[in-house]
Amino acid sequence: MRFRSGCFRSEGASELNTPRSAQPVDAIRARGWALLVIGCVLVSGCGAALRKGDPMKQSIGTFTERARWYGSVEFEARRPTDLGLSEVTELRPARWVEVQGLGPSGAVVANAITDEHGRFVLEAPANTARIVVLAQVSKDGHDLSVSPDPLGRQVYSVRRTLGSPKTFVHLKVLDGAPGGPGGAFHILDTVLRGAEAVREWTGERLPPLYVYWGRGVTTAWSYYRGERRSGRYCLELLGGRPGDSRRTDTDEHDESIILHEFGHFVMERLSTDSSPGGEHPSGHLIDPGLAWEEGRATWFSAAVLGHPRYADSVGREPYGRLRIKYDLESSDDLVPRGMGSEQGVAEILWDLTDGVEGYPDGDDDGIAVGPGQLLQAMVALREEPGAFPTISSYLQYLVATHRADSGDIKTMLQRTGQPAALLPVELVSRWPVDVKLPGTVNGKIDGVTSPAPSGGPNRPQNGFDAMRVYRVYLPEQSRLTVELNIFGSGRAAEKQDLDVELRDVRAQLIDSARSEEQTHVVSRLLAAGWYVIYVRDGGTGNRVGYELSVSLERP
C-alpha cells in the first residue's frame, strides 16, 4: 500500500463503530493542550522565551485543530438484460478507492482509502471543506484507474461538501450524472476484481493500468491498447455515440467485455502471445493463434465472474439489445469447432475450470482443474522455448506437466462435442509447423471456397484456411532468408495473390513482402531464437499453392 504524508487509513470495523458522541474527543484534547500551553506562557512568565523565531512560538502559531469524518462511497451499476442494460440501477461499494480532503483553498490536506465495504475514516484539519473521491486504486500492489484522457493523465472524480464531523458522509456516485461517473467507478471495480483474481490464482503482480473511457468520446471499439505511457498500460472501452447512451453501444456496465479486455492485458504481460491480430467474428474458423488469444480472454472473464454466461449489451431498456449472448456450458451446434474456433477455446477452458468449489459443473464433463491451475499453466508456458500456443498445444502442455490427465481430457472433449483431434497422441506441434533449417515446405492457401475446407464460411483476412504458419529456430545470430514461390501468377485479379510475413515468437511483425509478384523474399539479420513465418491470403480472397524455402547464413 502507498501512504502519503498525512494519510489516515481505517484498519477495520472498530473505527467505524466508534459512537458518534465519542468522535470529538481528539479535538477537545487538542484544544485543551493548546489552552494549557498558552496558560503556561501567560501565568508562569515564560513569555520571555517566546521571541521571534522561537520554536515554541512557531509551534503554537501553526497548530491546527484536527477532526475525524466517517463516511462511505457507493456507485450505481447496471446489469445486462435481453433488452440491453437494465434501466434500474443497484448500489455497490466503491472498494479501496482514494478519498482526499480539501482545505478552504482547495489544496489537499488529508487522504484516506475506503475499505472493502466502501467505508472510510478521514482524519483532517477541522476546517476541511470538501472531499474528492477518485476512480483510482493503489493498494497491495494494485495500481488501477479510470481516465477521461487517452494518456491517463487525470482520473474521474466526484466531490462533496463536508458538514460537521458528527455528520456521516454517504456519497452515491450516480450513473446518470453528467459524464457518467458511476460507470467509471463500475469499470474500476470490475478491473480490480480481475487483478484480485490474478493475485489469488498466481501470486503475480500486474503493472499499472488505466482504462480510457468517456461517454460519447471513446466511440471506436473496446481494446487492450498495450503500453501507452512508460510503464503504464491501457484499456480503451466503448463510450457510445455522443448524447445517445440509451440506444448505442457503451461498455462501462458490460462486465464480460471489460474483463475480456483485461484478460488480454493479463495474458500479454504474464503469458505468451500467438495472435497476429485482426477481427474475429463468431461463426468462423480463424487463425488458431488468434482463436486461442480471444477464446482464453473470454474464459478469463467467465472465470472471474464465476459463471459461464458471456454477454455484450447495446443500449438500455427498452431500446437496447444483446449483441452477444452465449453460455459456455451450452454448445451451439452451428458454431464450427477445432483449433480455429474462438468459442470452442473458451468452452474447453470453462469445462476444465468447472467442477471445483464455486464453479458448478452443468454438463458433467468429467474433469475439474480449476481456474488457478489453468492460469498458472498459461504463465508457466511462457518459459517454454518457442512457445506459440493454440488450444491443442495447451492441452498437450497440461498433460505433459501433469496438471491434467489425458484420459480425462479426452472424456471431456467427447462429452462436450469437441474434436478428439484437439489432443493428439504424440506431443508434437501441429500448428505452427516446425521447419528445420535449411528447409522447404509446400502448402495451399484458400480464402475463396465457402464453406471453407476446414468448416464454416471462408474468411480471407485471417481464416484458418487463408493462413499457414511455420516456426524456425536460429541457434546463433544469422541472416534468415525466406523465399515464397507461388504456383501461379501472383496477381489478385486471378485470385493467386499471397503475402509472406516474418514475426517474432510473440507475433510481432519484423518484416513482410506484399506484392503481386510470383516470388516474395524476406531476408533479415536476426539474433538467436525462435521465429514464425506466415504465408497468407494477400487480399479479399485467393486460392493457390506455394513453395516456401527457408535458409540461414551465419555472419
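These remarks concern the structure in this document. Predicted model, so just to flag it, every value in this text is computed and none were measured.

1. A short note on the overall build of the chain
Along the chain, the regular secondary structure elements total ten helices and 25 strands. Within the chain, counting contacts between residues at least 6 apart in sequence, those at least 24 apart form 70% of the total. Carbon together with sulfur atoms contributes 50% to the accessible area of the chain, which is approximately 24,100 Å² in total.

2. Thoughts on the environment of Ile131
Looking at where Ile131 falls in the secondary structure, it is placed in strand S8 (residues 130-139). Taking the relative accessible area as the measure of exposure, Ile131 reaches 0% and is therefore buried. Contacts of Ile131, omitting those with residues within four sequence positions, involve Val99, Gln100, Phe120, Leu122, Val158, Arg159, Arg160, Leu162, Val169 and Leu171.

3. Comments concerning the packing of helix H7 (residues 342-353) against helix H8 (residues 371-381)
One way to put it is that H7 packs onto H8 with a least axis distance of 8 Å and a crossing angle of 125°. Accordingly, the angle class assigned to the pair H7 and H8 is oblique. Note on element contacts: H8 touches H7 through Pro371, Leu374 and Met378, opposite Leu349, Leu352 and Thr353. Of the residues belonging to the contact of H7 with H8, the class tally is five nonpolar, one polar and no charged.

4. Quick look at the pattern of salt bridges
Enumeration over the complete set of coordinates arrives at 33 salt bridges. Note that Glu87 is salt-bridged to Arg246, the shortest N-O span being 3.4 Å. On the criterion of sequence distance, the pair formed by Glu87 in the loop between strand S3 (84-85) and strand S4 (90-93) and Arg246 in the loop between strand S14 (232-236) and helix H5 (255-270) is long-range, its members being 159 residues apart. By relative accessible area, Glu87 is classed as partly exposed at 37%.

5. Regarding the packing of aromatic side chains
All chains considered together, the criterion is met by eleven aromatic pairs. Summarising the aromatic geometry, the rings of Tyr233 and Phe265 are spaced 6.0 Å apart at their centres and angled 40° between planes, so their arrangement reads as tilted. Taken as a pair, Tyr233 in strand S14 and Phe265 in helix H5 lie far apart in primary sequence, 32 residues in all. Taken individually, Tyr233 and Phe265 each receive the classification buried, so the pair is uniform in this respect. Members of the aromatic cluster, joined through ring pairs, are Trp201, Tyr224, Tyr233, Phe262, Phe265 and Phe300. Against the face of Tyr319 rests Arg247, its NZ or CZ located 4.0 Å from the ring centre.

6. Some points on the sheet that holds strand S24 (residues 529-537)
Pairing is mixed across the open sheet formed by five strands, whose spatial order is S17-S19-S24-S21-S22. Each having just a single partner strand, strand S17 (433-434) and strand S22 (509-513) make up the two edges of the open sheet. Here strand S21 (residues 498-504) pairs with S22 via four bridges, running antiparallel. Bridge pairing links Glu501 to Ser512 in S22.

7. Overview of the pairing of strand S6 (residues 108-113)
Looking along a regular strand, one sees the side chains alternate between the two faces of the sheet. Bridge count between strand S5 (residues 97-102) and S6: five bridges; the pairing is antiparallel. Across the sheet, the residue bridging to Val99 is Ala112, located in S6.

8. Points about unusual backbone geometry
Here the amide bond leading from Trp431 into Pro432 is cis, since omega sits at -5°, within 30 degrees of zero. Examined against the element boundaries, Pro432 turns out to sit in the loop between helix H10 (406-415) and S17. For the bond running from Ser450 to Pro451, omega is 0°, close enough to zero to count as cis. By the secondary structure assignment, Pro451 is in the loop between strand S18 (439-446) and strand S19 (467-474). For Lys495, which is not a glycine, the phi torsion comes out positive at approximately 55°. Within the secondary structure, Lys495 is located in the loop between strand S20 (478-486) and S21.

About the criteria used
- Residues numbered from 1 in each chain as written.
- Predicted model: local features only at pLDDT ≥ 70, side-chain atom pairs only at ≥ 80, totals over all residues.
- Heavy atoms only, no water.
- Helix = DSSP H or I, 4+ residues; strand = E, 2+ residues; numbered from the N terminus.
- Contact = heavy atoms within 4.5 Å.
- Areas by Shrake-Rupley, 256 points an atom, 1.4 Å probe, with all protein chains shown as cover.
- Buried < 20%, exposed > 50% of the residue type's maximum accessible area, 1.4 Å probe, protein only.
- Axes fitted to C-alpha atoms, helices over the stretch in contact; angles between N-to-C directions.
- Parallel < 35°, antiparallel > 145°, perpendicular 65-115°, else oblique.
- Nonpolar A, V, L, I, M, F, W, Y, C, P; charged D, E, K, R; others polar.
- Salt bridge = Lys/Arg side-chain N within 4 Å of Asp/Glu carboxyl O.
- Phe/Tyr/Trp six-rings, centres within 6.5 Å; stacked < 30°, edge-to-face > 60°.
- Lys NZ or Arg CZ within 6 Å of the ring centre and 35° of its normal.
- Pairing = 2+ DSSP bridges.

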